[in-house]
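Structural overview for review
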Amino acid sequence: MYLLSDQWRDRLSGEALTLCLCWRLVRRDGFELRLTDHDRRLVVDQVGYEPGASVNAGRFVQSIGLKPGRAAAAGALSHAAIAAEDLKAGLWNGCRVNVCQVDWQRPDLGTLPIWSGYLSEIGVSGSGRFEAELVSLKADLERPIGRVIQSQCDALFGDERCGVEANGRSCDQRFETCRDTYQNTANFRGFPHLPGNDFILSGPATSGNDGGKR
């Protein structure tokens, strides 16, 4: 929970609000961009936020418990650093986002945190505008860590780990399909010889037990 200072309370309780949104975006490659929907450059806490984002933020939804909150944003590609080609190439997918409010008449008051999360689904329209879904940091709790030990392949068919060109085909992730249909056993990302539940529950054999390994 964020505690408001007395000065912030006074500003928010006034009849005329002079608030704007400031966005800090950090891509996975380390590129960082700070934008504001105000019409002038703002310096807050010795950090500059450039105008021209033209971003209209939707409703920021904070969830109760561990379920990730969501938000939506839409805007024009008015800043040179946000190129439509980069959006289509996926460079902004998974970008870390911090959104805050700033009183543009009193930037010395600092920032009022609004949202922290990631850019999730991004689309670019023919008119040069983008729409993006924002997912809160709680989404990290849903992300699998490490690999799942299973008999089927855990690669996405046609991706780099798979190595097969999909070309409209499909795969059922079975070792037999990878071997016989695509001749791609070297890239199979599962554990086909992993004993299943039936093997574990079967117990020792009734005969032929010589004390060796199975």
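Refer to the structure presented above.
Attention in this report is confined to the structure presented alongside it.

Cut-offs and rules
- Residues numbered from 1 in each chain as written.
- Predicted model: local features only at pLDDT ≥ 70, side-chain atom pairs only at ≥ 80, totals over all residues.
- Heavy atoms only, no water.
- Helix = DSSP H or I, 4+ residues; strand = E, 2+ residues; numbered from the N terminus.
- Buried < 20%, exposed > 50% of the residue type's maximum accessible area, 1.4 Å probe, protein only.
- Contact = heavy atoms within 4.5 Å.
- Areas by Shrake-Rupley, 256 points an atom, 1.4 Å probe, with all protein chains shown as cover.
- Patch = residues over 30% accessible without salt bridge, like charges linked within 9 Å, V, L, I, M, F, W, Y side chains within 5 Å.
- Salt bridge = Lys/Arg side-chain N within 4 Å of Asp/Glu carboxyl O.
- Phe/Tyr/Trp six-rings, centres within 6.5 Å; stacked < 30°, edge-to-face > 60°.
- Lys NZ or Arg CZ within 6 Å of the ring centre and 35° of its normal.
- 1 Å grid on protein atoms, 1.4 Å probe; cavity = no way out; pocket = protein on both sides within 12 Å on 5 of 7 lines; lining within 4 Å.
- Points joined across faces, edges and corners; volume = space filled by probe spheres on them.
- Nonpolar A, V, L, I, M, F, W, Y, C, P; charged D, E, K, R; others polar.
- Pairing = 2+ DSSP bridges.

Another aspect to go through is the overall build of the protein chain. Counting secondary structure elements, the protein chain contains four helices and nine strands. Reading the protein chain from its N end, one meets helices and strands in the order α-β-β-β-β-β-β-α-β-β-β-α-α. In the protein chain, buried positions account for 28% of the 214 residues. Put simply, 52% of the contacts in the protein chain that link residues at least 6 apart link residues at least 24 apart. By element, 50% of the accessible surface of the protein chain is carried by carbon and sulfur atoms, the whole surface being about 14,100 Å².

So, on to a nonpolar patch on the surface. Among the surface-exposed residues, Ile149, Phe191 and Leu194 lie close enough to one another that they form a single nonpolar patch of about 260 Å² accessible area. Checked against the element boundaries, Ile149 lands in the loop between β9 (129-136) and α3 (175-180). Given a relative accessible area of 53%, Ile149 falls into the exposed group.

The next point concerns the packing of aromatic side chains. Per the counting criterion, the structure on display carries three aromatic pairs. Here Phe31 and Trp92 contribute two aromatic rings whose centre-to-centre distance is 6.1 Å and whose plane-to-plane angle is 85°, an arrangement assigned as edge-to-face. In this pair, Phe31 is assigned in the loop between β1 (19-26) and β2 (32-36) and Trp92 in the loop between α2 (84-88) and β7 (96-103), connecting sequence segments 61 residues apart. Its relative accessible area of 2% is what places Trp92 among the buried residues. Judged by centre distance (5.2 Å) and plane angle (80°), the rings of Phe175 and Phe188 are edge-to-face. Residue Phe175 is found in helix α3, and its partner Phe188 is found in the loop between α3 and α4 (197-202); the two are separated by 13 residues along the sequence. This pair shows no difference in class: Phe175 is buried, exactly as Phe188 is. The positively charged end of Arg27 is found above the aromatic ring belonging to Trp92, 5.0 Å away from the centroid.

Okay, empty space enclosed by the protein next. Counting across every chain of the model gives two cavities of 30 Å³ or more. Empty space within the second largest cavity amounts to approximately 100 Å³. Along the walls of the second largest cavity sit Cys153, Ala155, Leu156, Phe157, Cys162, Val164, Cys171, Gln173, Cys178, Tyr182, Asn184 and Phe188, which together make up its complete lining. Here the lining of the second largest cavity is built from residues that sort into ten nonpolar, two polar and no charged.

On to the pairing of β7, then. In the case of a regular strand, side chains alternate between the two sheet surfaces. With six of eight residues buried, β7 lies mostly within the body of the structure. Note: β1 against β7, eight bridges, orientation antiparallel. Bridging across to β7, Cys22 finds its partner in Cys100.

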